[in-house]
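Chain by chain, the residues:
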Amino acid sequence: EVDKMVAAGNELIIFNSFDHRDQAKTLSAKYPNVKFLVCSGRPQSPNLGAYFAHLEQAWYVAGKISAGIVDENKRLGFIGSYITPEVVRHLNAWILGARSVDPQIQVEIRWTGFWYDWHSAPTFSYTPKFAGAGAAEQKLFAEEYATALLIDGGASVIGHQSDNQRPGVYVESKAGPIYKADGTTKRNVWVIANDNQYGWRNEQDPQNPVPYKTSIGAVYWNWTPLYARMFEDVHRDQWQVYDINEAMGQDKAASLVGFEPNTESLAGIDDTQVKSLLTAQAKLDYREVFKGPIETTDANQRANIPDGEYMKPTPADYDKELRQMCWFTKGVVEKSDPMDPSSADVDAKVPVAGYYFPSDVDSMSPHTPPFILMAIGDGVPRGVAWDCATNQIPE
């Protein structure tokens, strides 16, 4: 496809995914007179720039909002996708935001091992306990299966990093409101949409979208302002090899990251409160998200961060650790038996090669052994999606 774009005379080609960084480096070398940009990467050649933004700031705010609606279980659930430092830091920011309001809140992590379940039909079979006695077995996609397991584990707010809104659709249609095991006390389950600013609504009819009553809003990217600036630079022959990593802005229209509230949610989300939280966060140094005291789940993966200290002392070193974050903060848990949502919690550890490899990876990762199938048609060796260290951004 890039060859066709170059042949058609395109001057700037954008790779908008972490997965494309190697191809971007190779093709930028092949076409030195063409300008390239890669999302969630680093400049790797004279004509290849990189861009990103601090979405962890929006996830931190989402954590504060989640803490206001979580039930007495004080439990959140998070569906991780491709295991990268980006996904890890978003989860860490979410739980840190929640625990800044209530230090007792925990978040259970479950991984699907890819950005989305690529199958054309569901491949999992599960009978959710939340559905009550005599419930029928459900056929589920990976994102739905992980959602059901998290709800059965006690989570009342679900966040995710999937490149679709299946968790939200599932909660809306199958899981909220639901009932506790005693069959009498109602408890609600809420969800946060991912990436899409309006992922909290059903847009089958674009002219009349219907909000999901169980969605509290969306953590999202807004690349339009950045693209517009860079396109203008190309037009004026002012383009350079960018290395952009922007903090959240106070101007919602210009900010590359944000949280869009669903004020029609049954959770009663207050738009004024959300705006206040976002504005307050945007005024802070972006490094405040990972400022100590922070206790980690495994000292071998990362030592605790002392009270009052940033994760790293300089912005450059701080950003480097963001790109290489393969550790969890205290409060992130996983099940001692992943297949049993009622099993005991243990401190979660970020999957890395030689340290952690799930026994159910064959079912939870969309791949044809020994390769995971990529949308662009390339094969990724089996297990790469489950190795955070392999997916760190090189300097």
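That block above? That's the structure.
All values derive from a computational prediction rather than experimental measurement. (Residues numbered from 1 in each chain as written. Predicted model: local features only at pLDDT ≥ 70, side-chain atom pairs only at ≥ 80, totals over all residues. Heavy atoms only, no water.)

### Overview of the sheet that holds strand β4 (residues 75-80)
Now for step 1: Ordered in space as β16-β14-β11-β8-β4-β5-β17-β18, the eight strands form an open sheet in which the pairing is mixed. Two strands close off the open sheet at either side, each with one partner strand: β16 (257-261) and β18 (345-347). The sheet shows a mean angle of 30° between the axes of neighbouring strands, taken without regard to direction.
Now for step 2: The pairing of strand β17 (residues 332-335) with β18 spans three bridges and is antiparallel. Among the inter-strand pairings, K335 is bridged to a residue of β18, identified as D345.
Now for step 3: The strands that helix α4 (residues 85-99) touches are β4, β5 (106-111), β8 (157-160), β11 (190-195), β14 (215-221) and β17; relative to β5, the one it contacts most, it runs at about 160°. (Pairing = 2+ DSSP bridges. Helix = DSSP H or I, 4+ residues; strand = E, 2+ residues; numbered from the N terminus. Axes fitted to C-alpha atoms, helices over the stretch in contact; angles between N-to-C directions. Contact = heavy atoms within 4.5 Å.)

### Some points on the pattern of salt bridges
Working definition: two side chains of opposite charge can pair if their charged atoms are close together.
Now for step 1: Counted by the stated rule, this structure contains 21 salt bridges.
Now for step 2: Residue D271 pairs with K275 through a salt bridge whose shortest N-O separation is 3.2 Å. Placement of both D271 and K275 in helix α8 (residues 271-283) is noted, with a separation of four residues, approximately one turn of the helix.
Now for step 3: Since its relative accessible area comes to 28%, D271 is described here as partly exposed.
Now for step 4: When salt bridges that share partners are traced, they join R75, E108, R110, K335 and D345 into one network. (Salt bridge = Lys/Arg side-chain N within 4 Å of Asp/Glu carboxyl O. Buried < 20%, exposed > 50% of the residue type's maximum accessible area, 1.4 Å probe, protein only.)

### Some remarks on the sheet that holds strand β3 (residues 48-53)
Strand pairing in a sheet relies on backbone hydrogen bonds. The paired strands run either parallel or antiparallel.
Now for step 1: The four strands are arranged β1-β2-β3-β15 in an open sheet whose pairing can be described as parallel. Of all strands in the sheet, those bounded by a partner on one side alone are β1 (12-15) and β15 (243-246). The mean inter-strand angle of the sheet, taken between neighbouring strand axes irrespective of direction, is 15°.
Now for step 2: Where β3 lies against β15, four bridges are found, and the strand directions are parallel. Of the residues in β15, the one forming a bridge with A50 is D243.

### Remarks on the pairing of β1
Now for step 1: With four bridges joining them, β1 and strand β2 (residues 35-39) adopt parallel strand pairing. Bridge pairing in β2 links F15 to V38.
Now for step 2: Handedness of the β1-helix α2 (residues 21-30)-β2 crossover: right-handed. (Right-handed = clockwise from strand over helix to strand, strands pointing away.)

### Considerations on unusual backbone geometry
Now for step 1: Going from G292 to P293, the amide bond is cis rather than trans, its omega being 15°.
Now for step 2: Its place among the elements puts P293 in the loop between α8 and α9 (315-323).
Now for step 3: Phi angles above zero are rare outside glycine, and S40 is one such case at about 60°.
Now for step 4: With respect to the helices, strands and loops of the structure, S40 is situated in the loop between β2 and β3.
Now for step 5: Looking at S40, the relative accessible area reads 8%, which means it is buried.
Now for step 6: In this model, K74 sits at a positive phi of 50°, which is unusual for a non-glycine residue.

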